[in-house]
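# Structural overview for review
Residues per chain are reported as follows:
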Amino acid sequence: MRSRSLVHLMPLIAPVHVLILSVIVIPSIYVIWLSVTQSSFGKAPSFVGLENYIRVLTDPAFHRALWNTVGIVVVAVHLELAIGLLVALLFASGLPLRRYLLVAVLAPYAVSEVTAVVMWRFLFDPDAGPITQMLQSLHLPILDWSFEPTHAMILIAMLTIWLHLPFTFIILYAARLAIPLDLYEAARIDGATPLQAFRRVTLPLLGPAIVVALLFRYIFAFRIFSEVWLLTNGGPARTTEVVAVYLYQEAFSYNAFGTAAATAWIMVVVSLLLAVGYILVLGRQVNANAH
């Protein structure tokens with residue numbers, strides 16, 4: 001009976017399996033094969049084993065791109081989490097006009113990355129940008145991001161925080177609204193200060209939401225491409241490259257498809273390790289809350 005029902009279900013689930021095979025499985029297998037070959041335009045692929053992975057992992061340009069990526073992930077994601085948590089708690093406390101302010105907070109998510117980069121390039125133009133002129137009028141240092149790699153990385157971090165803050169905020173805000181008010185009332189009756197209520201009630205119950213937000217933002221930030229490529233093209237002199245830009249350069253500037261595919265799979269492995277680590281942490285927090 002079960003086999004007959006499965007036969008009747010196959011035509012219904014076959015399109016999904018075909019889609020998964022054609023969009024995910026087959027391209028992934030092809031990239032794995034490409035990563036162990038030496039391939040370029042007009043040249044037949046030749047098997048080289050793990051040579052591409054060794055070449056990428058020993059390339060100083062990849063090391064610099066990796067450190068730039070790690071810097072953006074560590075600084076931007078955690079600063080974004082802190083700001084998102086602060087704004088979520090502010091909204092949950094009964095902020096006046098929060099319905100209208102909510103639109104302002106979520107607005108960056110409605111802006112495409114290309115449009116956002118164009119806006120920020122204009123605002124922070126080193127010669128005539130409105131924010132640059134305001135900083136100069138206040139005798140404050142400006143972000144000369146077109147020549148200074150450190151200034152460019154600061155601007156990239158600020159841009160990615162602005163673009164993705166709504167994602168972090170909405171996760172934390174929803175989790176904060178799900179906390180029963182009775183817990184805060186009980187804490188107040190027991191004489192807890194607002195800071196103690198935050199440490200003993202809010203923060204532990206927001207733990208799973210914080211882990212989920214960090215997990216997704218780590219993975220998204222590790223794959224950052226548009227902000228860097230559209231703002232600096234990885235320059236000057238490849239000093240602001242991130243791993244995704246390094247991959248793009250290898251594939252489409254140097255036509256080294258093997259090393260580009262190897263870089264792609266290194267990114268996949270790092271993302272999976274991040275996911276596994278945070279899923280384990282999330283599982284421990286859920287079990288702790290359950291008991």
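Residues numbered from 1 in each chain as written. Predicted model: local features only at pLDDT ≥ 70, side-chain atom pairs only at ≥ 80, totals over all residues. Heavy atoms only, no water.

### Things to note about the overall build of the protein chain
Rule in force here: Under the scheme used here, helices are H or I runs from DSSP no shorter than 4 residues and strands are E runs no shorter than 2 residues, and both carry numbers assigned from the N terminus. Only C-alpha atoms enter the radius of gyration; for comparison, a globular chain is expected to reach 2.2 Å times N to the power 0.38, where N is the number of residues. Note on classification: 1.4 Å probe, protein chains only; a residue is buried when its accessible area is under 20% of the maximum for its type, exposed when over 50%, partly exposed between these limits. Any two residues whose heavy atoms approach within 4.5 Å at even a single point are treated as in contact. The Shrake-Rupley method, run with a 1.4 Å probe, gives the accessible areas here. Residue values count only the displayed protein chains as cover. For the purpose of counting charges, residues Lys and Arg are taken to be positive, whereas Asp and Glu are taken to be negative. His and the chain ends are not included. Here the site of a charge means atom NZ of a Lys, CZ of an Arg, CG of an Asp or CD of a Glu.
Across its full length, the protein chain carries 12 helices and two strands. The C-alpha atoms of the protein chain give 24 Å as radius of gyration, which overshoots the globular expectation for 291 residues (19 Å, by more than 25%). On the principal axes, the C-alpha backbone points of the protein chain span a range of 75 × 75 × 35 Å. Of all 291 residues assigned to the protein chain, the portion counted as buried reaches 38%. Taking the intrachain contacts of the protein chain between residues at least 6 apart in sequence as the baseline, contacts between residues at least 24 apart amount to 65%. Accessible surface computed for the protein chain: about 17000 Å², of which carbon and sulfur atoms make up 72%. Looking at the protein chain, you have 16 positive and 14 negative side-chain charges, and the mean spots of the two groups are 13 Å apart.

### A word on the pairing of strand S1 (residues 37-40)
Just so we agree on the cut-off: Any two strands with at least two DSSP bridges between them are considered paired.
Across the two faces of S1 the burial differs, with Thr37 and Ser39 buried and Gln38 and Ser40 not buried at all. Pairing between S1 and strand S2 (residues 43-47): three bridges, direction antiparallel. Paired with Gln38 across the bridge in S2 is Ser46. Hairpin geometry of S1 and S2 is characterised by an intervening segment of two residues between the two adjacent antiparallel strands and by a positive phi of about 70° at Gly42.

### Looking at the confidence of the model for the protein chain
Stated precisely, the cut-off is as follows: Per-residue confidence from the predictor is given as pLDDT, running between 0 and 100.
Here the protein chain averages 85 in pLDDT, and 93% of its residues register 70 or above. Per-element averaging of pLDDT across the protein chain places helix H1 (residues 2-35) at the bottom with 75 and helix H2 (residues 51-57) at the top with 92.

### Some remarks on the pattern of salt bridges
Quick reminder of the rule: For this analysis, a salt bridge means a side-chain nitrogen from Lys or Arg found within 4 Å of a carboxyl oxygen belonging to Asp or Glu.
Considering all chains together, one arrives at four salt bridges under this definition. Taking the shortest distance from any N to any O, the salt bridge between Glu80 and Arg217 comes out at 2.8 Å. In this pair, Glu80 sits in helix H3 (residues 60-92) while Arg217 sits in helix H9 (residues 194-222), placing the two residues 137 residues apart along the sequence. Residue class for Glu80 comes out buried when judged on its relative accessible area of 0%. Here Arg217 falls in the buried class, since its relative accessible area comes to 2%.

### Digging into H3
Quick reminder of the rule: Here, expected helix span is obtained from the residue count minus one, scaled by 1.5 Å. Two N or O atoms count as a polar contact when they lie within 3.5 Å, although within protein this holds only if one can serve as hydrogen donor and the other as acceptor, and sequence-adjacent residues are included solely when both atoms are side-chain atoms.
For H3, built from 33 residues, the straight-helix expectation of 48 Å at 1.5 Å per residue is met to within 8% by its first-to-last C-alpha distance of 47 Å. Capping the start of H3 is the job of one residue whose side-chain oxygen sits 3.1 Å from the backbone nitrogen of Ala61: Asp59. Two residues or fewer past H3, Gly94 is found with a positive phi of approximately 95°.

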